[in-house]
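Observations on the three-dimensional arrangement
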Amino acid sequence: FVIKEKPHPRFKRDPTNNNNLTTTVHVPLVDALCGTTVQLKSLDGKRDLAVVCHRGIKPDTVRIIANEGMPLKGSSQRGDLKVTFAIDFPRQELSETEKVQLRALLGA
């Protein structure tokens, strides 16, 4: 018999290792700069996974959560979950005053 895999709304198989899963999480710019904890549901939806980012997040940062991927055939082990972060920038334009303050704060 043939098993057909259905697409998952949040997770995809990692093309470099079929046992690993990937997902992308969007975070606001302020959380990327200041650090945050992102909550994800596990693949089975039964557990909450916390991804802690204390030092801030750069665009396309990848965090790996061990043993949260696909089950390995003939084993009790699992692949990993790779979480990629996408930074969401504010939609509103900054005023000139805000730009000056931001530059001073960031040392630019």
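It should be emphasised that the depicted structure is a prediction, and the values quoted were computed from it without experimental measurement.

Strand pairing in a sheet relies on backbone hydrogen bonds, with the paired strands running either antiparallel or parallel. Overall, mixed pairing links the four strands, which are arranged E1-E2-E6-E5 in an open sheet. The strands lining the two open edges of the sheet, one partner per strand, are strand E1 (12-14) and strand E5 (62-65). Across the sheet, the axes of successive neighbouring strands diverge by a mean angle of 40°, strand direction being ignored. Of the pairings in the sheet, the one linking E5 to strand E6 (residues 81-88) comprises four bridges and is antiparallel in character.

Below, the discussion takes up the environment of phenylalanine 85. Structurally, phenylalanine 85 can be placed in strand E6. The spacing of phenylalanine 85 and valine 25 is 60 residues in sequence and 5.0 Å in space, taken between C-alpha atoms. If near-sequence neighbours (up to four positions away) are discounted, phenylalanine 85 is found in contact with Val25, Val27, Val38, Val51, Cys53, Ile57, Pro59, Asp60, Thr61 and Arg63.

A separate point is the pairing of strand E2 (residues 17-28). Here E1 pairs with E2 via three bridges, running antiparallel. Along E2, the bridge assignment pairs lysine 12 with threonine 22. Hairpin connection from E1 to E2: two residues lie between these consecutive antiparallel strands. Across eight bridges, E2 lies against E6 in parallel orientation. Residue pairing in the sheet places leucine 21 in a bridge with leucine 81 of E6.

Moving on, we come to the pattern of salt bridges. Scanning the model with the defined rule gives six salt bridges in all. Ionic pairing is found between aspartate 14 and lysine 82, a salt bridge with its closest N-O pair at 2.8 Å. Of this pair, aspartate 14 sits in strand E1 while lysine 82 sits in strand E6, and the two are 68 residues apart along the sequence. Looking at aspartate 14, the relative accessible area reads 5%, which means it is buried. We classify lysine 82 as partly exposed; its relative accessible area is 23%.

This next bit is on the state of the cysteines. Here a disulfide denotes one covalent bond, and it connects the sulfur atoms of two cysteines. Considering all chains together, one arrives at zero disulfides under this definition. Of all cysteine sulfurs, the one in cysteine 53 lies closest to cysteine 34, which takes part in no disulfide; the gap is 13 Å. When its relative accessible area of 59% is taken as the criterion, cysteine 34 is described as exposed.

Grouped together as the largest cluster of nonpolar side chains are 16 residues, with contacts concentrated most on Val27, Leu40, Val51, Leu81, Val83 and Phe85. The set of elements that each furnish at least two residues to this core consists of E2, strand E3 (36-41), strand E4 (48-53) and E6. The element best represented in this core is E6, accounting for four residues. Contacts of leucine 40, omitting those with residues within four sequence positions, involve Thr23, Val25, Arg47, Asp48, Leu49, Val51, Leu81 and Val83.

Reading guide: rules and limits
Residues numbered from 1 in each chain as written. Predicted model: local features only at pLDDT ≥ 70, side-chain atom pairs only at ≥ 80, totals over all residues. Heavy atoms only, no water. Pairing = 2+ DSSP bridges. Helix = DSSP H or I, 4+ residues; strand = E, 2+ residues; numbered from the N terminus. Axes fitted to C-alpha atoms, helices over the stretch in contact; angles between N-to-C directions. Contact = heavy atoms within 4.5 Å. Salt bridge = Lys/Arg side-chain N within 4 Å of Asp/Glu carboxyl O. Buried < 20%, exposed > 50% of the residue type's maximum accessible area, 1.4 Å probe, protein only. Disulfide = S-S within 2.5 Å. Core = buried A, V, L, I, M, F, W, Y, C linked by side-chain atoms within 4.5 Å.

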